[in-house]
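Topology and contacts: notes
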Amino acid sequence: MTSNAEKFGQDNPGFQIENGENGRATKDSETKIKVDGIETERAQWGNGLEFLMSCIAMSVGLGNIWRFPFTAYENGGGAFLIPYIVVLIVIGRPLYYLEMALGQFTSRGNVQSFSSLSPAIKGIGYGQLLGSTCIATYYCSLMALTLFYLVSSFTSDLPWSHCKVEWETENSQRNVTCVSSKDTESVTGRNKISSSELWFTKEVLKEKEQINDGVGPPEWRLTLCLLVAWFLTFAVSVKGVKSSGKVSYFLALFPYVVMGALLIRAVTLEGSTEGMLYFVTPQWSKLARAEVWYAAVTQCFFSLNVGLGSIIMYSSYNSFDHNINRDALVVTTLDTFTSLLAGTTIFGILGNLAHELNVPVEDVVKSGGTGLAFISYPDAIAKFQSVPWLFAILFFIMLFVLGIGSLVALHGCANTMIMDNFPTIKPWKVSAATALFGFLVGLVYITPGGQFILTVVDFFGGNMVIFVFAIIEIVTLMWCYGSENFCNDLEFMTKQKVGIYWRITWTIITPLFLIIVFIYSLATLTRLDYGSYEISDLALGLGWAIVCVSVMIFASFFGVSFYKNRKFGFPAMIWETFNTTNWGPENHSVRLAWKEEKLRKSAEVASSGKIWITRKLNFLIGR
């Protein structure tokens, strides 16, 4: 056990920092890192703007375009902005800043950051890595679909705009009628289905109605698109942040050019005003429902990328004194603005579609997610009177660029974890290996039953796992390591006092809010389905297996650490398990300065404590 002088005044005696340089990784200069006796270089962003643009490209993605508008519509319309902004203030922004601070302070990826705090909680990083891997593999399959639609858009006669003869036999058996997307006819009712929907399910996905007999083989055209998507992701990530930082300007800014063009076109369409008003019209009665607040939390997680490890990974390549407070404010604000911009644009176009069909806006609103991107929006584009192919090309280029920006960040999490542990491996080899792995796993999502698997993996791996480890992350940092210790570290790094807003949200509001919402989500959990089809027990078993594996990984590191320290006896084994020998800045000179600051504050606390005790004793004895 360490002496009192070596504890550096930590609030929690379970976390100790030793005077000696026992850490495994130290920096001899700003870029030189010594790991297991091997000196190597850790890359850094070319400048602060590259980091900011990369964060924008990461956070502003598909979730803003196809998830937020319909999530808002289904949960109160304009009134949904109230819970969403509240969640952004008490959960989204605090978690975003927390993860930025963690990565920049340690100069390590998420796995090594938690490992340096304590080997017992290393499983947090691996749990987040499992969740981000789940998302990355199916995310790229959506990009493959986007690329397929993009290639198919280079024709004046959009292929989803008319019904095909080969569909007629199956349609007659199902007692449904195909309605061409070109027709100015309302596609509503149980016996009507649009050519856009049939083209997506029958021609693109070749979708099955159930997967009890297997998911089927990958569709060869989508396989090629998936390969191209992963190759482009590899090309951007081939040199780590040295290459992705240069591309980030295009990935962050180009989508806004397209969104601006689409918005201008949307507001000039007849009937667009009705659609936009429909999007923002508040339904106040829904605010009292707990599921609306749960939807706001999940949308915030999905949109900002918090809890995935990608924010920690990106900020770990910053210089130690970078102004992350400003960047966190810019990114979280811009993300919300983009969601509103996308919702206004999309519902403006759907409002024009409702006007042409002479039906209410709600009759052309099919669904969110995949249904919006590959059914509702293509259906609306097909009805444009002039150059529909141009708007289709612009829309799918925008989606693809947004997807690349987010996927590069998810891909970088795995790359950084490997390079932090094996720094001598060339970055391009790591990037190629992880891209190949992602491609092979992603093949399951482009099979005829792939959308069933995607639904399961998204719910359990992309939502539940991330939610669980976001709770563990903030509870560990704030309630175990100690909020005061973390704030002191942050003050040393930024040279600014940590405000009361961050202290209250990190310590009380954010963890309690997350715990309450998570318990509610479990209490109201219903059987998962995909459209009108029930997910099979086997597929649900796969989903729960993902959750169990992630929790077991975390528990195993906990158990191993306790077992190794059993010789100290109880309760000393607990304090020894949670010691922070390796915690601190990775740069050698900065680390020494940080330790000196910790000692100075420890002395101040000890001195003030003695003065208070002396005064109290004097008062009691009447002096």
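The shown structure was predicted, so the numbers you read here are calculated from the model rather than taken from an experiment. (Residues numbered from 1 in each chain as written. Predicted model: local features only at pLDDT ≥ 70, side-chain atom pairs only at ≥ 80, totals over all residues. Heavy atoms only, no water.)

Digging into the overall build of the chain
Quick note on the threshold: Counting from the N terminus, the helices are the DSSP runs of H or I reaching at least four residues and the strands are the DSSP runs of E reaching at least two. Burial classes follow relative accessibility: with a 1.4 Å probe on protein chains only, a residue under 20% of its type's maximum area counts as buried, one over 50% as exposed, and anything between as partly exposed. It only takes one pair of heavy atoms within 4.5 Å for two residues to be counted as in contact. Residue-level accessible areas treat just the shown protein chains as cover; the underlying method is Shrake-Rupley with a 1.4 Å probe.
In terms of regular secondary structure, the chain is built from 21 helices and seven strands. Within the chain, buried positions represent 58% of all 623 residues. A separation threshold of at least 6 residues defines the contact pool for the chain, and within that pool the share at least 24 residues apart is 80%. Accessible surface, the chain: about 25,100 Å² in total, of which carbon and sulfur atoms supply 64%.

Observations regarding the UniProt feature "binding site: Na(+)" (unreviewed entry) in the chain
Basically, it comes down to this: UniProt positions are given in the numbering used here, feature names are shortened, and annotations may be inferred rather than shown by experiment. Using only the protein atoms, space was sampled on a 1 Å grid; points where a 1.4 Å probe fits but cannot get out form cavities, open sets with protein on both sides within 12 Å along at least five of seven lines form pockets, and lining residues are those with an atom within 4 Å of a point.
Within this numbering scheme, the UniProt entry marks Val-60, Asn-64, Ser-303, Leu-402 and Ser-406 as carrying the feature "binding site: Na(+)" (unreviewed entry). Across 347 residues in sequence, these annotated residues keep their C-alpha atoms within 11.8 Å of one another, forming a single compact spot. Checking the named residues against the largest cavity, the ones that line it are Asn-64, Ser-303 and Ser-406. Secondary-structure assignment places Asn-64 in helix α2 (residues 62–74). The class of Asn-64 is buried, set by a relative accessible area of 0%. If near-sequence neighbours (up to four positions away) are discounted, Asn-64 is found in contact with Ser-59, Pro-69, Ser-303, Asp-335, Thr-338, Ser-339 and Ala-342.

Considering a nonpolar patch on the surface
Stated precisely, the cut-off is as follows: Each patch is built from salt-bridge-free residues with over 30% relative accessible area, joining like charges within 9 Å and nonpolar side chains (Val, Leu, Ile, Met, Phe, Trp, Tyr) within 5 Å. The term salt bridge refers to a side-chain nitrogen of Lys or Arg lying within 4 Å of a carboxyl oxygen of Asp or Glu.
Taken together, Ile-85, Ile-89, Trp-479, Ile-500, Tyr-501, Ile-504, Ile-508, Ile-509, Leu-512 and Ile-516 make up a surface patch of nonpolar side chains, about 880 Å² in accessible area. Among the elements of the structure, α3 (81–106) and α18 (500–523) are those that each provide at least two residues to the nonpolar patch. For the nonpolar patch, the leading source of residues is α18, giving seven residues. Judged by its relative accessible area of 39%, Ile-85 is partly exposed.

Describing the confidence of the model for the chain
Rules: What pLDDT reports is the predictor's confidence in each residue, on a scale of 0 through 100.
For the chain, the mean per-residue pLDDT works out to 82, and 87% of the residues sit at or above 70. Per-residue pLDDT stays below 50 along residues 1–31; that stretch engages in 97 contacts with residues further than four places along the chain or on separate chains. In this model residues 35–39 is a low-confidence stretch, pLDDT under 50, and it forms 11 contacts with partners more than four residues away in sequence or in other chains.

Comments concerning empty space enclosed by the protein
Rules: Grid points are joined across faces, edges and corners, and a volume is the space filled by probe spheres set on the points. Three residue categories are used. Nonpolar comprises Ala, Val, Leu, Ile, Met, Phe, Trp, Tyr, Cys and Pro, charged comprises Asp, Glu, Lys and Arg, and polar comprises the others, including Gly.
Going through the model one piece at a time under the given rule, you end up with eight cavities of 30 Å³ or more. The calculated volume of the largest cavity comes to roughly 210 Å³. Listed by contribution, the elements that provide at least two residues to the lining of the largest cavity are α1 (48–59), α2, α5 (122–152), α11 (290–304), α15 (388–421) and α17 (450–494). Each residue belonging to the lining of the largest cavity can be placed in one class, and the counts come to 11 nonpolar, 10 polar and no charged. Roughly 110 Å³ of internal volume is contained in the second largest cavity.

Side note on the pattern of salt bridges
Tallied over the entire structure, the rule returns 10 salt bridges. We note a salt bridge from Glu-50 to Lys-246, for which the minimum N-O separation is 3.2 Å. Note that Glu-50 is positioned in helix α1 and Lys-246 in helix α9 (residues 241–267), a separation of 196 residues in sequence. Taking relative accessible area as the criterion, Glu-50 reaches 2% and is therefore assigned buried. Under the relative-accessibility criterion, Lys-246 is labelled exposed at 53%. Taking the shortest distance from any N to any O, the salt bridge between Arg-527 and Asp-537 comes out at 2.7 Å. Highlighted residues: Arg-527 in the loop between α18 and β6 (529–530) and Asp-537 in helix α19 (residues 537–564), separated in sequence by 10 residues. Here the salt bridges share partners, and the residues they tie into one network are Glu-484, Glu-491, Lys-497 and Arg-503.

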